[in-house]
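Examination of the molecular architecture
Here's the letter readout for the chains.
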Amino acid sequence: MIKHYFSDILSGGRWLQDLLMTVDPSGSIISLSKGSSSEADHSHTGYAVPGMANVHSHAFQRAMAGLAEFSGNEADSFWSWRNVMYSFLGEISPDQLQAIASQLYVEMLKAGFTSVGEFHYLHNDTDGQAFSNPAEMSDKIVAATLETGIGLTLLPVLYQYGGFGAMEPKAQQRRFTHSLDHFVDLVDKLQKRVPDVAGMSIGVAPHSLRAVDPEALMGLLNTISADMPCHIHIAEQNQEVEDCVNWSDQRPVEWLNNNVDLSDRWCLVHATHLVPNEIAAIANSGAVVGLCPITEANLGDGLFPASEFMGQGGRIALGSDSNILISLAEECRLLEYGQRLNLQSRNILGSKNASTGERIFLEAVTGGHQALGRPGKSGLEVGGQGNFAVLDPLHPSIIGKPKHTVIDSWLFAGDNSVVKDVAIDGKLVVIDGHHSSEEVIKERFGKAMTELVASL
Ligand code: ZN
């Protein structure tokens, strides 16, 4: 048993004071009661908030952050960025992937993320052939989460084609591709590891409607268990929407809603370009939309209609996608600011007379845990997991401010340096802003970066 004392804690959506939390060896919160710091193993003077789920990450892309910020010959678009990404990923070895992922997950933990949905599609060797162990690259992602402590929902990606209508994959896409049978074998193999890896679960990710054909999508859904999370990139770019209409006479979300049973197992990543019927269909289905505001801004994707969607009860979650910048505060801030700039108004995603930041934060905690197959009590309540971040009460963005403005002050006026301590399953993995393995992990990351940049 581990006992934590909190001077202030956001539990069940309410601020409470002087609480003692007992976490059992499995990481479950078994009691929350009034208490004092003298009764605890760890005493936290500060503002404890639920750990956030990061529902969408491509770990290897952290290594190319900043390498595609200059204009090239072709029109600068998502598709030119993708070309840079393809030349970069062609070189990444299994050990380099682990070095990058470990660095990334340390950064996520220090930002307040306590679990990650790794949308993992870098399966094959640099020559495009399968490794003798088909889970070679997935194992490196698992190793990175074990090394850092972050909770993992591994989402192996099914990727078959280079575009709508079963287009042949490009040479650079050979590291991603699988037949459905080989993919299902990989999922089985990974599922067998779950009992031995604390905090790990498995979902699946048909990459997108352009990379997976309807037969394989239906075959996959008929093969996996009914409660397994299912994530898909959808309607991120206008060109993708146009290509989908040309292929099927339907928009991407329209096609998905007409062909699969959209439900709370689904996470629709981006879903940027929607018409009113599609907004209502997702909101009514219970599916989560995985929003990645920093990446969507970086790639010039467009703006998700968050105000209309949340107004209809739609569920949201946050992801860092390309990992161009790891900041939980900025993901929330940019989600709200995009709406403000677009609608020329303020406090768009908040409830009336309540904290806007708190609403965005708590909705994303709940939606994020649903999307990662960790539903239930994610809000620091009895029966939930002991995953939390403690915000520094002496941070310049927070000091002296009333409690009901603390989340707003962190998200709108602060950054990662507000996050002081982070615990997974009751065990502290970040203390005073530092992860115990951060120096070793950074050194290994630096070596991998030097090798990779030299090979470009
Ligand atoms: Zn993505």
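Bear in mind the structure is a predicted one, so any value in this text is a computation, not a measurement. Within each chain, residues carry numbers counting from 1 in the order of the written sequence. Local features in a predicted model are, by the rule used here, given only for residues with pLDDT of at least 70; side-chain atom pairs are given and counted only at 80 or more, and totals for whole chains, interfaces and linings are based on all residues. Side-chain numbers here rest on the full set of heavy atoms in the structure, without hydrogens or water.

1. Examining the overall build of the protein
The way it works is that DSSP assigns letters per residue, a run of H or I at least four long becomes a helix, a run of E at least two long becomes a strand, and they are numbered from the N terminus. Of regular secondary structure, the protein possesses 14 helices and 17 strands. Since a compact globule built from 456 residues should have a radius of gyration of about 23 Å, the 21 Å found for the protein is in line with a globular shape. For the protein, the spread of C-alpha atoms along the principal axes amounts to about 65 × 45 × 45 Å. Expressed as a percentage of the 456 residues in the protein, the buried residues total 60%. The globule rule is 2.2 Å times the number of residues to the power 0.38, and the radius of gyration it is compared with is taken over C-alpha atoms. Between buried and exposed lies partly exposed: a residue is buried under 20% and exposed over 50% of the maximum accessible area for its type, with that area taken using a 1.4 Å probe on protein chains only.

2. A closer look at the sheet that holds strand β2 (residues 14–23)
Either a parallel or an antiparallel arrangement is found when strands of a sheet pair, and the pairing is made through backbone hydrogen bonds. The pairing criterion is simple: DSSP has to find at least two bridges between the two strands. Spatial strand order, β3-β2-β1-β4-β14-β15-β16-β17: eight strands in an open sheet with mixed pairing. The sheet terminates laterally at β3 (29–34) and β17 (434–435), the two strands that pair on one side only. Here five bridges tie β2 to β3, and the two strands are oriented antiparallel to one another. Within the sheet, the bridge partner assigned to V23 lies in β3 and is I29. Packed on one face of the sheet, helix α12 (residues 356–371) meets β1 (2–11), β2 and β4 (42–50) and runs near 90° to β4. Whether two residues are in contact is decided by their heavy atoms, any of which lying within 4.5 Å being enough. To define axes, lines are fitted to C-alpha atoms, for helices over the stretch in contact only, and angles between the resulting N-to-C directions are given on a 0 to 180 degree scale. On the sheet, helix α13 (residues 406–413) packs against β1, β2, β4, β14 (388–391) and β15 (419–424) and is oriented at approximately 75° with respect to β4.

3. Details of the domain arrangement of the protein
The domain architecture assigned to the protein consists of domain 1 (2–49 + 380–438) and domain 2 (51–376). In this structure, domain 1 and domain 2 have C-alpha centres spaced 28 Å apart. Taken together, the contact between domain 1 and domain 2 spans 27 residues of the former and 26 residues of the latter. Accessible-area loss on putting two parts together, using a 1.4 Å probe and summing over both, is the definition of buried area adopted here. Each partner contributes to the roughly 2100 Å² buried at the junction of domain 1 and domain 2, and carbon and sulfur atoms together form 61% of this total. Three residues, L411, F412 and N416, lead the burial of domain 1 against domain 2; their summed loss comes to 30% of the area buried on that side. Put simply, a salt bridge is a Lys or Arg side-chain nitrogen that is within 4 Å of an Asp or Glu carboxyl oxygen. The interface formed by domain 1 and domain 2 contains one salt bridge. Delimitation of the domains relies on an automatic or database domain assignment.

4. Quick word on the coordination of the zinc ion
Distances from the zinc ion to its protein donors, namely H56 (NE2), H58 (NE2), H233 (NE2) and D321 (OD), fall within the range 2.1 to 2.4 Å. The rule for donors is simple: an N, O or S atom within 2.8 Å of the metal counts, and for Na, K and Ca the reach is 3.2 Å. Water is not among the atoms, so a site may look short of donors. Every geometry call rests on angle ranges, with four donors termed tetrahedral when all angles are between 85 and 135 degrees, four termed square planar and six termed octahedral when opposite donors are over 155 degrees apart and all others are between 65 and 115, and everything else termed irregular. Around the zinc ion, the four donor atoms are arranged such that angles at the metal cover 85 to 172°; this shape is classified as irregular. Donor residues for the zinc ion, ordered by position in the chain, follow H-x1-H-x174-H-x87-D. Of the two residues, H56 is situated in strand β5 (residues 52–57) and D321 in the loop between β13 (315–318) and α11 (328–343); the sequence distance between them amounts to 265 residues. An identical accessibility class is assigned to H56 and D321; each is buried.

5. With respect to the packing of aromatic side chains
Pairing of aromatic rings covers Phe, Tyr and the six-membered ring of Trp, with a centre-to-centre limit of 6.5 Å; geometry is then stacked below 30 degrees between planes, edge-to-face above 60, and tilted otherwise. With the rule as written, the count across this model stands at 11 aromatic pairs. Residues W15 and Y47 carry aromatic rings whose centres are separated by 5.6 Å and whose planes lie at 80° to one another, so their mutual orientation is edge-to-face. Pair noted here: W15 is in strand β2 and Y47 is in strand β4, with a separation of 32 residues, a long-range link. On the basis of relative accessible area, Y47 is assigned to the buried category, the value being 12%. Plain terms: the ring middles of F60 and Y121 are 5.8 Å apart, the flat faces sit at 85° to each other, and that makes the pair edge-to-face. Within this pair, whereas F60 is found in the loop between β5 and α1 (78–89), its partner Y121 is found in the loop between β6 (113–120) and α3 (136–148), the two being separated by 61 residues in sequence. Across the pair, exposure class does not vary: F60 and Y121 are buried alike. Chaining the aromatic ring pairs together yields one cluster made of F60, Y121, Y159 and F176.

6. A short note on the pattern of salt bridges
Scanning the entire structure with this criterion turns up 12 salt bridges. The partner of K140 in a salt bridge is D95, and the shortest N-O contact between them spans 3.1 Å. In this pair, K140 is assigned in helix α3 and D95 in helix α2 (residues 94–111), connecting sequence segments 45 residues apart. Here K140 falls in the buried class, since its relative accessible area comes to 18%. The residue E147 makes a salt bridge to R444 at a minimum N-O spacing of 2.5 Å. Of the two residues, E147 sits in helix α3 while R444 sits in helix α14 (residues 438–455), which places them 297 residues apart along the sequence.

7. A word on the packing of α2 against α14
Relative to each other, α2 and α14 sit at 135°, their axes nearing to 8 Å. The orientation of α2 with respect to α14, classified from their angle, is oblique. Handedness of the α2/α14 crossing: left-handed. Mapping the contact onto sequence places Q96, Q98, A99, I100, S102, Q103, V106 and K110 in α2 and E438, I441, K442, R444, F445, A448, E451 and L452 in α14. Among the residues making up the contact of α2 with α14, the classes are represented as seven nonpolar, four polar and five charged. Any angle between 65 and 115 degrees counts as roughly perpendicular, while under 35 counts as roughly parallel, over 145 as roughly antiparallel, and the rest as oblique. Helix crossings are classified by the rotation of the near helix relative to the far one: an anticlockwise turn of less than a right angle makes the crossing left-handed, while a clockwise turn makes it right-handed. Asp, Glu, Lys and Arg are counted as charged, while Ala, Val, Leu, Ile, Met, Phe, Trp, Tyr, Cys and Pro are counted as nonpolar; the rest, among them Gly, fall into the polar class.

8. A closer look at the environment of T45
Note on placement: T45 falls in strand β4. Residues T45 and D243 lie 198 residues apart in sequence; the distance between their C-alpha atoms is 54 Å. In this structure T45 touches S7, P393 and K420, once residues within four positions along its chain are discounted.

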